[in-house]
Amino acid sequence: TLVHVVMGRTGDHQAHINPAAELPLKQTSRVKVRLQGNYLTLSINGKEEARLNGFDGYSYPPVDNVTVWVGDQFYQSANAWLLGLNYTILRDESPVPTPAPLPKSTMMFSKPRATSKGYRLTKRFNTTGN
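What comes next is a walk through the structure.

## Overview of the overall build of the protein
Here is step 1: When you go through the protein residue by residue, the secondary structure sums to zero helices and 10 strands.
Here is step 2: In sequence order, the protein lays out its α and β elements as β-β-β-β-β-β-β-β-β-β.
Here is step 3: Looking at the 130 residues of the protein, the share that counts as buried comes to 21%.
Here is step 4: In the protein, the proportion of contacts linking residues at least 24 apart, taken out of those at least 6 apart, comes to 49%.
Here is step 5: Accessible surface computed for the protein: about 9700 Å², of which carbon and sulfur atoms make up 51%.

Printed below as a string of structure tokens:
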């Protein structure tokens, strides 16, 4: 199963990464997508598989009430389960070596909603951290 990650930015609303590695079939995989500073990174089962730069100064500004999509109308969906999604707004300070409490913006979801355009999470997020 292939992974296709899109994170739009000013000047390139379809900025994306397509890692060479496929998700193994019939087993659970942990997929992590992270936008921090200049880089969008994709890790699969703890190994960084793809990185895209060019976000520093070009990321969309923080806004409230955004939709997070986990599939769309342009690609055939995988026969897979989404066991959970953790959406967290990163803190401005450098990461600390010990686990810190999750910010109040952290949300956990397990059931995306099917729409005519694809699959989206039923909860909207505030990227301002409120």
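## A few points about the pattern of salt bridges
Here is step 1: Tallied over the entire structure, the rule returns three salt bridges.
Here is step 2: R9 is the partner of D12 in a salt bridge, and the nearest nitrogen-oxygen pair spans 3.8 Å.
Here is step 3: The class of R9 is buried, set by a relative accessible area of 12%.

## Observations regarding the sheet that holds strand β3 (residues 31-36)
Here is step 1: Across the sheet, three strands lie side by side as β3-β4-β5; this open sheet has antiparallel pairing. Single-partner strands in this sheet number two, and they are β3 and β5 (47-53). With direction set aside, neighbouring strand axes in the sheet form an average angle of 15°.
Here is step 2: As paired strands, β3 and strand β4 (residues 39-44) are joined by six bridges and run antiparallel to one another. When the sheet's bridge partners are listed, V33 is paired in β4 with L42.

## A look at the pairing of β4
Here is step 1: Of all six residues in β4, five are buried; the element is thus mostly enclosed.
Here is step 2: Connecting β3 to the next strand, β4, in antiparallel fashion are two residues, including G37 with a positive phi near 65°.
Here is step 3: Across six bridges, the pairing between β4 and β5 is antiparallel. Note on β5: the bridge partner recorded for I44 is K47.
Here is step 4: Hairpin remark: β4 followed by β5, antiparallel, with two residues in the connecting loop; positive phi at N45, about 50°.

## Observations regarding unusual backbone geometry
Glycine aside, residues mostly have negative phi angles, and peptide bonds mostly take the trans form.
Here is step 1: Non-glycine residue K26 carries a positive phi angle of around 60°.
Here is step 2: Looking at the secondary structure, you find K26 in the loop between β2 (16-17) and β3.
Here is step 3: Its identity as a non-glycine residue notwithstanding, N45 has a phi of 50°, on the positive side.
Here is step 4: Within the element layout of this structure, N45 appears in the loop between β4 and β5.
Here is step 5: Relative accessible area serves as the criterion here: at 43%, N45 is assigned to the partly exposed category.

Cut-off values and rules
- Throughout, a residue's number is its position along its own chain's written sequence, starting from 1.
- Residues qualify for local features only when their pLDDT is at least 70, as the model is predicted, and side-chain atom pairs are given and counted only at 80 or more; totals for whole chains, interfaces and linings, by contrast, use all residues.
- Side-chain descriptors were evaluated using all non-hydrogen atoms of the structure, hydrogens and water having been removed beforehand.
- Going along the chain from the N terminus, every DSSP run of H or I of four or more residues is numbered as a helix, and every run of E of two or more is numbered as a strand.
- Residue exposure (1.4 Å probe, protein chains only): buried if accessible area is under 20% of the type maximum, exposed if over 50%, otherwise partly exposed.
- Should any heavy atoms of two residues lie within 4.5 Å, those residues are counted as being in contact.
- Only the protein chains shown count as cover for residues, and the accessible areas themselves come from Shrake-Rupley with a 1.4 Å probe.
- Salt bridge, as applied in this entry: a Lys or Arg side-chain nitrogen positioned within 4 Å of an Asp or Glu carboxyl oxygen.
- Any two strands with at least two DSSP-identified bridges between them are counted as paired.
- Here, axes are lines fitted to C-alpha atoms. For helices the fit covers the stretch in contact, and angles between N-to-C directions go from 0 to 180 degrees.

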